[in-house]
Amino acid sequence: MSKFHIRKFFYFIGISLTFIILISITLLFIEYATGNADGVWKDIDIRKITYQLIAILVLATIILHLLFYSPEPLRNYLFSLSIFCFLLVLLEGISYLLFTANKAPVPLTAPQPFIRPDWTGSFVNDDILGVRAKKSWSLTWAPVKDGVQYDSITVSTDENSLRKTAKVIDSTATDKHALFFGCSYTYGDGVSDNETLPYQFQLNMPQYRAYNLGFLAYSPLHMLARLQHEDLTLLTEKKKGFAVYTFIHDQIDRTIPATRWIDMTKGRFPYLNKEAMTTHGVYSENKRLYSDFIQWFRTTYIHHVFRLDFPKKHAAEHYQLVVNVIKKSKQEYQKQFGNNGFYVIIFPGSPIKPEMKQMLQNADLTVFDYSHLFNLNDYLLPFDNAHPNANAYKLVASQLAKDIAELEERSTIDR
């Protein structure tokens, strides 16, 4: 391409920029005069589109200038990069054709979306945990799915953003605490306050005051972040007791973190410094470029066709990372409460690999393996099919109460 043609191209870029700016100003004026002056006209964000077009033209100008006027090593690099980008765009186009060719036709009568107000309205963003339950929040709703209405559910939280557990009528009857950490299986997704695991445990062992520190999509990282950045002794004056973490298999991906989990949560979970085993802020803020790239890449047709996610399968280092986080959480709990009562529940339906079980034992963690206590598929919510129902929590709470009572008896005998 001659310098004359390059100058013509730059002239075209200049004309295009002027045209875009003039059109944008005109549309903004029309929207201001006839709309609500928010810069959005017919669902089109005028300012955003303008910035994007200007950025593309400026970037194209810079690249073209460097390709023809920069030193030869840089020109060669940019030329190779341009070829790579062209091939990437070509692969995306081919992936689009493959994806659309294999995509099932959309039914004429699509089912009504299943709306979960107990999800969408239950949380707020948090600088330490990513998200946490709303304070003093309550909701009663009856799930309706595929035309079937199910029993109403009551979800409520206290002033500490914790799911409410049983009210203690006689405070002198409780002389110990039971801190329950975990995800939606601890929080009690889809069941009422009086059906959760912590609530059911407290019914079995009224000498304990149970605290539900679980929440939707939590992982061991959230437990560690809470113990490192919050004084949980302020929750209770009872120094005696124990903490327990409810483990399910999906929490391995949440701890790594897997690319699908980064995308699903938008990176809003605690960031872990793996060398120091300390949490600091939110993942999406500490790994902004990587987090944004993952979220963008998983929207491409290349991802849809080739399913390029990390990791493809779990390895020993992933198991060890989870164990290390739980072990560190135990140490932080011991610092705050001064006792060794810290346990891990392997929830029914989430059997772990023998090597991970050995790692937990090597870390001096007491594990209650309930993975085969019952068939979880027989105890799932009918409108959810992914979370346990009230009967499942009742069975786990009963077994946990037996195991805790046995440990207490054994401790008494040893004395």
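Higher on the page you've got the structure.
Because the structure is a prediction, the values reported are computed rather than measured.

### Some remarks on the nonpolar core
Here's step 1: If you look at the biggest cluster of nonpolar residues, it comprises 43 residues, and the most contacted ones within it are Phe 180, Phe 201, Phe 242, Leu 400 and Ile 404.
Here's step 2: Ranked by the residues each element gives to this core, the list is headed by helix α15 (residues 390-414), at seven residues.
Here's step 3: Apart from residues no more than four positions distant in its own chain, Leu 400 is found in contact with Phe 180, Phe 201, Ile 345, Phe 368 and Tyr 370.
Here's step 4: Core analysis: the next-biggest nonpolar cluster, separate from the first, contains 29 residues, Tyr 245, Val 322, Met 356 and Ala 363 among them.

### Details of the pairing of strand β15 (residues 366-369)
Here's step 1: Summarising the sheet, strand β14 (residues 342-346) and β15 pair through four bridges and their orientation is parallel. Each bridged residue has a counterpart across the sheet, and for Tyr 343 the counterpart in β15 is Thr 366.
Here's step 2: What joins β14 to β15 is helix α14 (residues 354-362), and the crossover it makes is right-handed.

### A look at the pairing of strand β3 (residues 123-126)
Here's step 1: Pairing of β3 with strand β4 (residues 130-133), which is carried by four bridges, proceeds in the antiparallel orientation. By the bridge assignment for β4, Asp 126 is matched with Gly 130.
Here's step 2: Two successive antiparallel strands, β3 and β4, enclose a turn made up of three residues.

### Section: the sheet that holds β14
Here's step 1: One open sheet holds the five strands; their spatial order is β10-β9-β11-β14-β15, and the pairing between them is parallel. Lying at the two open borders of the sheet, with one neighbouring strand each, are β10 (208-212) and β15. Between one strand and the next, the sheet's axes are offset by a mean angle of 25°, whatever the strand orientation.
Here's step 2: Inspection of the sheet shows strand β9 (residues 176-181) paired to strand β11 (residues 241-247) by five bridges, in the parallel sense. Each bridged residue has a counterpart across the sheet, and for Leu 179 the counterpart in β11 is Ala 243.
Here's step 3: Taken strand by strand, helix α6 (residues 197-204) contacts β9, β10 and β11, and its axis lies near 180° from that of β10.

### A look at α14
Here's step 1: All of the buried residues along α14 are Met 356, Met 359 and Leu 360. One face of α14 carries all of its buried residues, which in axial projection span an arc of 100°. Summarising the geometry of α14, the exposed residues directed more than 90 degrees from the buried face are Pro 354 and Asn 362.
Here's step 2: Summarising the contacts, the buried residues of α14 are in contact with β11, α8 (251-255), α13 (316-337) and β15.
Here's step 3: Positioned one or two residues after α14, Asp 364 has a phi angle of 60°, which is positive.

### Some remarks on the pattern of salt bridges
Here's step 1: Evaluation of the coordinates by the stated rule reveals 21 salt bridges.
Here's step 2: Asp 189 is the salt-bridge partner of Arg 116, the closest N and O atoms lying 2.7 Å from each other. Remark: Asp 189 occurs in the loop between α5 (184-187) and α6 and Arg 116 occurs in the loop between α3 (72-102) and α4 (117-120); sequence separation between them is 73 residues. Here Arg 116 matches Asp 189 in class, with each residue buried.
Here's step 3: A salt bridge links Asp 263 to Lys 266, with the nearest nitrogen and oxygen atoms 3.7 Å apart.
Here's step 4: Its relative accessible area of 14% is what places Asp 263 among the buried residues.
Here's step 5: For Lys 266, a relative accessible area of 47% puts it in the partly exposed group.
Here's step 6: Salt bridges sharing partners connect three or more residues here, namely Arg 116, Asp 118, Asp 189 and Asp 384.

### So, the packing of aromatic side chains
Here's step 1: The tally for this structure, following the rule as stated, stands at 26 aromatic pairs.
Here's step 2: Each ring, one from Tyr 343 and one from Phe 368, has its centre 5.3 Å from the other, and the planes form 35°; the classification is tilted. On the criterion of sequence distance, the pair formed by Tyr 343 in strand β14 and Phe 368 in strand β15 is long-range, its members being 25 residues apart.
Here's step 3: In this structure Tyr 343 comes out as buried when scored by relative accessible area, which is 13%.
Here's step 4: Centre to centre, the rings of Phe 374 and Tyr 379 are 4.7 Å apart; their planes meet at 50°, and the pair counts as tilted.
Here's step 5: Taking relative accessible area as the criterion, Phe 374 reaches 12% and is therefore assigned buried.
Here's step 6: Grouped by ring-pair contacts, the aromatic residues Phe 180, Phe 201, Tyr 208, Phe 242, Tyr 343, Phe 368 and Tyr 370 constitute a single cluster.

The rules behind the values
Residues numbered from 1 in each chain as written. Predicted model: local features only at pLDDT ≥ 70, side-chain atom pairs only at ≥ 80, totals over all residues. Heavy atoms only, no water. Core = buried A, V, L, I, M, F, W, Y, C linked by side-chain atoms within 4.5 Å. Buried < 20%, exposed > 50% of the residue type's maximum accessible area, 1.4 Å probe, protein only. Helix = DSSP H or I, 4+ residues; strand = E, 2+ residues; numbered from the N terminus. Contact = heavy atoms within 4.5 Å. Pairing = 2+ DSSP bridges. Right-handed = clockwise from strand over helix to strand, strands pointing away. Axes fitted to C-alpha atoms, helices over the stretch in contact; angles between N-to-C directions. Arc of directions from axis to C-beta. Salt bridge = Lys/Arg side-chain N within 4 Å of Asp/Glu carboxyl O. Phe/Tyr/Trp six-rings, centres within 6.5 Å; stacked < 30°, edge-to-face > 60°.

Geometric descriptors of this kind do not, in isolation, establish any biological role.
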